[in-house]
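# Residue-level structure breakdown
Listed below, chain by chain, are the residues.
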Amino acid sequence: MRGEASGPQHDWLDDDAGPVVRPYTVTGGRVRPVTGGFDLMAFVLAAPGAASSPDAAHLQPEHRAILTMAEDPVSVAELAAGLNQVVGVVRVLLGDLLAAGLVAMHEPSTAAHFPEDDVLQAVVNGLRAL
């Protein structure tokens, strides 16, 4: 039998489960952010004083946790891992914060990381010649 903790006990909840909240309840059933696409490698930075602003008082605990984690630049993937939430939920929450002006997003430049097509073709040709 489980510990003698007070409150209702459920057969489907054990001591290791922790708080069980379905992702759709965190987002109010929303599956897409109100704004933005949020690449996994995009960096999020909270606006100065956002966590203590009057706007933050009405936010969910997950929103406030994002603001706290994003006091220094952090990627969307790191936020999802740190919050123990799926990326889709974090993207919806980030959309709320971005729409409220509480965070800024910095998308990585994808074009700067890929070599030109002729360089890739030269590499392929060199490998074929081996």
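Here, every reference points to the structure presented above.
Residues numbered from 1 in each chain as written. Predicted model: local features only at pLDDT ≥ 70, side-chain atom pairs only at ≥ 80, totals over all residues. Heavy atoms only, no water.

### With respect to the environment of Gly-101
- For Gly-101, the position within the fold is in the loop between α4 (87-99) and β3 (103-106).
- Gly-101 gets classed as partly exposed once you look at its relative accessible area, which sits at 48%.
- Taking the C-alpha atoms as reference, Gly-101 lies 8.8 Å from Ala-50; in sequence the two are 51 residues apart. (Helix = DSSP H or I, 4+ residues; strand = E, 2+ residues; numbered from the N terminus. Buried < 20%, exposed > 50% of the residue type's maximum accessible area, 1.4 Å probe, protein only.)

### Things to note about the environment of Gly-88
- Tracing the sequence through the fold places Gly-88 in helix α4.
- Here the alpha-carbon distance between Gly-88 and Phe-38, two residues 50 residues apart in the chain, equals 9.7 Å.

### Quick word on a nonpolar patch on the surface
- The grouping of Val-119, Val-123, Leu-127 and Leu-130 at the surface amounts to a nonpolar patch, some 440 Å² of accessible area in total.
- Looking at the element boundaries, Leu-130 is found in the segment after α5 (117-129).
- On the basis of relative accessibility, which here comes to 85%, the residue Leu-130 falls in the exposed class. (Patch = residues over 30% accessible without salt bridge, like charges linked within 9 Å, V, L, I, M, F, W, Y side chains within 5 Å. Areas by Shrake-Rupley, 256 points an atom, 1.4 Å probe, with all protein chains shown as cover. Salt bridge = Lys/Arg side-chain N within 4 Å of Asp/Glu carboxyl O.)

### Examining the packing of helix α3 (residues 76-83) against α4
- One can describe the packing of α3 onto α4 by two numbers: an axis separation of 9 Å at closest approach and a directional angle of 110°. The orientation of α3 relative to α4 falls into the category roughly perpendicular. Where α3 crosses over α4, the two elements pack in a sense that is right-handed. For the pair α3 and α4, the contacting residues are Val-76, Leu-79, Ala-80 and Leu-83 in the first and Val-87, Val-90 and Leu-94 in the second.
- In terms of residue class, the contact of α3 with α4 is made up of seven nonpolar, no polar and no charged. (Axes fitted to C-alpha atoms, helices over the stretch in contact; angles between N-to-C directions. Parallel < 35°, antiparallel > 145°, perpendicular 65-115°, else oblique. Left-handed = near helix turned anticlockwise from the far one by under 90°. Contact = heavy atoms within 4.5 Å. Nonpolar A, V, L, I, M, F, W, Y, C, P; charged D, E, K, R; others polar.)

### Observations concerning the pairing of β3
- The alternating pattern of β3 places Val-103 and Met-105 on a buried face, while none of Ala-104 and His-106, on the opposite face, is buried.
- Looking at chain direction, strand β1 (residues 43-46) and β3 are connected through four bridges and run antiparallel. Residue pairing across strands places Leu-45 opposite Ala-104, the latter belonging to β3. (Pairing = 2+ DSSP bridges.)

### Some thoughts on the nonpolar core
- Among the nonpolar cores identified, the biggest contains 23 residues, and Val-44, Leu-67, Val-76 and Leu-94 are the most heavily contacted of them.
- When residues of this core are traced back to their parent elements, those giving at least two are β1, α2 (61-69), α3, α4 and β3.
- Considering every element that reaches this core, the biggest residue donor is α4, with five residues. (Core = buried A, V, L, I, M, F, W, Y, C linked by side-chain atoms within 4.5 Å.)

### Brief notes about the side chain of His-63
- Along the polypeptide, His-63 turns up in helix α2.
- A polar atom in the side chain of His-63 sits 3.0 Å from the side chain of Asp-96. (Polar contact = N/O pair within 3.5 Å; in protein donor to acceptor, adjacent residues only side chain to side chain.)

### Considering the sheet that holds β1
- Taken together, the three strands give an open sheet; going across it, the order is β2-β1-β3, and neighbouring strands pair in antiparallel fashion. Unpaired on one side and paired on the other, β2 (74-75) and β3 mark the two borders of the sheet.
- Where β1 meets β2, two bridges bridge the pair, whose relative direction is antiparallel. Bridging across to β2, Phe-43 finds its partner in Ser-75.

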